[in-house]
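# Analysis of the macromolecular model
Each chain, written out:
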Amino acid sequence: MADNSKDTPTDSGILQDDPTAAAGERGDHDRIVMASRRADGSMDQTDPEFIGDKDTAISAAEQQLAEQATSAVDVAARGVTSTQAADVVGDSEPDPDVKALKDAQDRAAEDAKARARAEVEQRHQGLGDS
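Keep in mind that this is a model prediction, so the values were computed, not measured.

## Considerations on unusual backbone geometry
- Here Asp47, not a glycine, exhibits a phi torsion of approximately 40°, which is positive.
- Mapped onto the elements, Asp47 comes out in the loop between strand S1 (31-32) and strand S2 (49-50).

This is how it looks when you write it as structure tokens:
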């Protein structure tokens, strides 16, 4: 009878029957074009490396983080209501609460875009041809 132990992949010590979270942190990393995000905006990959066109990666990250940041402003301001009395006729000026919310969203979006650019600049490794 032949010894088949050499043909069994799990006997080689390379494969794990029950991989652990630490297995992904021993030199392995994720190569990405666009990041998956946690609720706090941080990337949800293992030591991510951006590949592909750098401008596309920056644009995608800016859009993701800007939308997430403006949404966070909305969530934080959810109880805001109009302070205008019912008998007051409206004018062409924006409601002060809405204007303040829009200004906060714009600031959050710009901060998020700057964070996205820095994130991609730090982690971009080229077009992924290697």
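After presenting the structure, the write-up continues.
## Observations concerning the nonpolar core
- One finds Ile32, Ala35, Met43, Phe50 and Val120 to be the most contacted residues of the largest nonpolar core, which totals 14 residues.
- Of all the secondary-structure elements, those providing two or more residues to this core are helix H1 (54-76) and helix H2 (96-123).
- Per element, the largest residue contribution to this core is six residues, and it comes from H1.
- Apart from residues lying up to four places away in sequence, Phe50 is in contact with Ile32, Val33, Ala35, Met43, Ala57, Glu119, Val120, Arg123, His124, Gln125 and Gly126.

## Details of the environment of Ile51
- Counting through the fold element by element, Ile51 comes out in the loop between S2 and H1.
- Here the alpha-carbon distance between Ile51 and Gln125, two residues 74 residues apart in the chain, equals 5.7 Å.

## Re the confidence of the model for the protein chain
- Residues at a pLDDT of 70 or more form 66% of the protein chain, whose mean pLDDT is 76.
- The spread of mean pLDDT over the elements of the protein chain runs between S1, the lowest at 86, and H2, the highest at 90.
- Across residues 7-12, where pLDDT falls below 50, the model places three contacts with residues more than four positions away in sequence or in other chains.

## Some points on the pattern of salt bridges
- Evaluation of the coordinates by the stated rule reveals eight salt bridges.
- The partner of Glu49 in a salt bridge is Arg31, and the shortest N-O contact between them spans 3.4 Å. Of the two residues, Glu49 sits in strand S2 while Arg31 sits in strand S1, which places them 18 residues apart along the sequence.
- Overall, Arg31 belongs to the partly exposed group, its relative accessible area being 39%.
- Between Asp103 and Lys99 there is a salt bridge; the shortest N-O distance is 3.1 Å.

## Structural notes on the environment of Ala118
- Along the chain, the position of Ala118 falls in helix H2.
- Residue classification places Ala118 among the partly exposed positions, given a relative accessible area of 44%.
- Along the backbone, Ala118 and Ile58 are 60 residues apart, and their C-alpha atoms lie at a distance of 8.7 Å.

## Some words on the side chain of Gln45
- By secondary structure assignment, the location of Gln45 is in the loop between S1 and S2.
- On the basis of relative accessible area, Gln45 is assigned to the buried category, the value being 15%.
- Among the polar contacts made by the side chain of Gln45, one reaches the side chain of Ser36 at a distance of 3.4 Å.
- Those residues in contact with Gln45 that lie beyond four places of it in its chain are Asp30, Ile32, Ala35 and Ser36.

So, how was this worked out
Residues numbered from 1 in each chain as written. Predicted model: local features only at pLDDT ≥ 70, side-chain atom pairs only at ≥ 80, totals over all residues. Heavy atoms only, no water. Helix = DSSP H or I, 4+ residues; strand = E, 2+ residues; numbered from the N terminus. Core = buried A, V, L, I, M, F, W, Y, C linked by side-chain atoms within 4.5 Å. Buried < 20%, exposed > 50% of the residue type's maximum accessible area, 1.4 Å probe, protein only. Contact = heavy atoms within 4.5 Å. pLDDT = per-residue confidence, 0-100. Salt bridge = Lys/Arg side-chain N within 4 Å of Asp/Glu carboxyl O. Polar contact = N/O pair within 3.5 Å; in protein donor to acceptor, adjacent residues only side chain to side chain.

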